[in-house]
Amino acid sequence: DSISLTMSEDDGREAFQTRIVTELTATDNDTEAEGEVVFRLAPDLSSGLFSVEPITDDQEFTAEIWTVSRLDREEYPQGITLLVLAIDQGVTPKTTTATVSITLDDLNDTPPELHLPEEAVVVSQSSEVGTLLLKVNATDPDLEGQLHYKILNNLDDSLFMNSSTGEIYLEKELTESFEDTSHPIMVQVQDWDPEIRGQQGTEKNVGLLEMIFRYDNPNEYP
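Residues numbered from 1 in each chain as written. Predicted model: local features only at pLDDT ≥ 70, side-chain atom pairs only at ≥ 80, totals over all residues. Heavy atoms only, no water.

> What is the right way to read the overall build of the protein chain from this model?
Scanning the protein chain for helices and strands turns up zero helices and 16 strands. Looking at the protein chain as a whole, 39% of its 222 residues are labelled buried. Across the protein chain, every contact between residues at least 6 apart in sequence was considered, and the portion connecting residues at least 24 apart equals 66%. Accessible surface for the protein chain amounts to roughly 13,500 Å². Of this, 46% is attributable to carbon and sulfur atoms. (Helix = DSSP H or I, 4+ residues; strand = E, 2+ residues; numbered from the N terminus. Buried < 20%, exposed > 50% of the residue type's maximum accessible area, 1.4 Å probe, protein only. Contact = heavy atoms within 4.5 Å. Areas by Shrake-Rupley, 256 points an atom, 1.4 Å probe, with all protein chains shown as cover.)

Below is the structure:
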């Protein structure tokens, strides 16, 4: 026999609470010990996430599968398959098996991760307005949520960041005050849309990248 079901992953932002997965029933026409059935989970990499709890019933043998640990879709993106053993208690035990296939629905519970260049980004001060300077990358293992980018310390509003793509453009001409100076740029990414009221996401992730603005003078800067 086989059972297929879908349940949500556990929210990593909240305390773990055990949940029932499904109920199993078995019958055995034998008498006495040969007719008594116990349920067990076959040992595998995911069996430690669940337990089998018997239920007393005079007519049939029933058990419930419960979670005993957090279910994380990012750890089991293809779902979880359990092999359940129903074993009678005879002198020569006989076993029947059933599979329980669990698909995990995603929750937006994992913060995105920024991937910023380790070296300074050198920008020519003769760059035209609208020039693409850099594309910031971030990854999010969650299926839910959409990444939104933002510059927290814009240089005299000289930069523009596309909130959806992470691309940073030159917004206006650079002045001599930026010449050959290192400027730390604080970039933020979040996995929810700040324009949608009531939408929830995970913690914001903030990182620093360095920009250096230089004149195009080959004699001065080889």
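> What exactly am I supposed to notice about the pattern of salt bridges here?
A side chain of one charge can pair with a side chain of the opposite charge if their charged atoms are brought near each other. Taken as a whole and assessed by the stated rule, the structure comprises four salt bridges. In this structure, Glu74 engages Arg73 in a salt bridge whose closest nitrogen and oxygen atoms are separated by 3.1 Å. Given the relative accessible area of 21%, Glu74 is considered partly exposed. Given a relative accessible area of 8%, Arg73 falls into the buried group. Through salt bridges with shared partners, a single ionic network connects Arg73, Glu74 and Asp106. (Salt bridge = Lys/Arg side-chain N within 4 Å of Asp/Glu carboxyl O.)

> Help me understand the confidence of the model for the protein chain, please; the structure alone is not making it clear to me.
Do not read the fine detail of predicted coordinates wherever pLDDT is low. Of the residues in the protein chain, 85% reach a pLDDT of 70 or more, and the chain-wide mean stands at 84. Overall, residues 218-222 carries pLDDT values under 50, and its contacts beyond four positions in sequence, including any with other chains, amount to five contacts. (pLDDT = per-residue confidence, 0-100.)

> Looking at this structure, I do not really get the sheet that holds strand β2 (residues 20-26). What am I missing?
Two modes of strand pairing occur in sheets, parallel and antiparallel, and in both the strands are linked by backbone hydrogen bonds. The three strands are arranged β2-β5-β4 in an open sheet whose pairing can be described as antiparallel. Across the chains shown, the open sheet's two edge strands, defined by having one partner strand only, are β2 and β4 (50-55). Going across the sheet, the axis of each strand differs from the next one's by a mean of 25°, ignoring polarity. With six bridges joining them, β2 and strand β5 (residues 61-67) adopt antiparallel strand pairing. Across the sheet, the residue bridging to Ala26 is Phe61, located in β5. (Pairing = 2+ DSSP bridges. Axes fitted to C-alpha atoms, helices over the stretch in contact; angles between N-to-C directions.)

> What am I meant to see in a nonpolar patch on the surface here?
A cluster of nonpolar residues, Leu152, Met186, Val206 and Leu208, forms a patch on the protein surface that exposes about 320 Å² of accessible area. Checked against the element boundaries, Leu152 lands in the loop between β12 (148-151) and β13 (159-161). (Patch = residues over 30% accessible without salt bridge, like charges linked within 9 Å, V, L, I, M, F, W, Y side chains within 5 Å.)

> How should I be thinking about the pairing of strand β16 (residues 205-214) in this particular structure?
Where strand β9 (residues 121-124) lies against β16, four bridges are found, and the strand directions are parallel. The residue of β16 that forms the bridge with Val121 is Met211. Alignment of strand β15 (residues 182-190) against β16, held across eight bridges, turns out to be antiparallel. Among the inter-strand pairings, Val187 is bridged to a residue of β16, identified as Gly207.

> Looking at this structure, how should I read the packing of aromatic side chains?
Each aromatic ring pair is described using two quantities: the centre-to-centre distance and the angle formed by the ring planes. One pass over the full model with this rule turns up one aromatic pair. Ring plane angle 35° and centroid distance 6.5 Å describe the contact between Phe160 and Tyr169, whose orientation is recorded as tilted. (Phe/Tyr/Trp six-rings, centres within 6.5 Å; stacked < 30°, edge-to-face > 60°.)

> Looking at this model, I keep getting lost on the layout of surface pockets. Mind explaining?
Which parts of space are left empty comes out when a probe the size of a water molecule is rolled across the atoms. Looking at the largest pocket, its volume works out to about 310 Å³. If you go around the largest pocket, you meet 19 residues; those closest to its centre are Thr25, Ala26, Phe39, Ala86 and Thr96. Broken down by secondary-structure element, the contributors of at least two residues to the lining of the largest pocket are β2, β3 (37-41), β6 (80-88) and β7 (95-105). When residues of the lining of the largest pocket are assigned to their parent elements, the largest contribution, five residues, is made by β6. The residue inventory of the lining of the largest pocket, partitioned by class, reads 10 nonpolar, five polar and four charged. (1 Å grid on protein atoms, 1.4 Å probe; cavity = no way out; pocket = protein on both sides within 12 Å on 5 of 7 lines; lining within 4 Å. Points joined across faces, edges and corners; volume = space filled by probe spheres on them. Nonpolar A, V, L, I, M, F, W, Y, C, P; charged D, E, K, R; others polar.)

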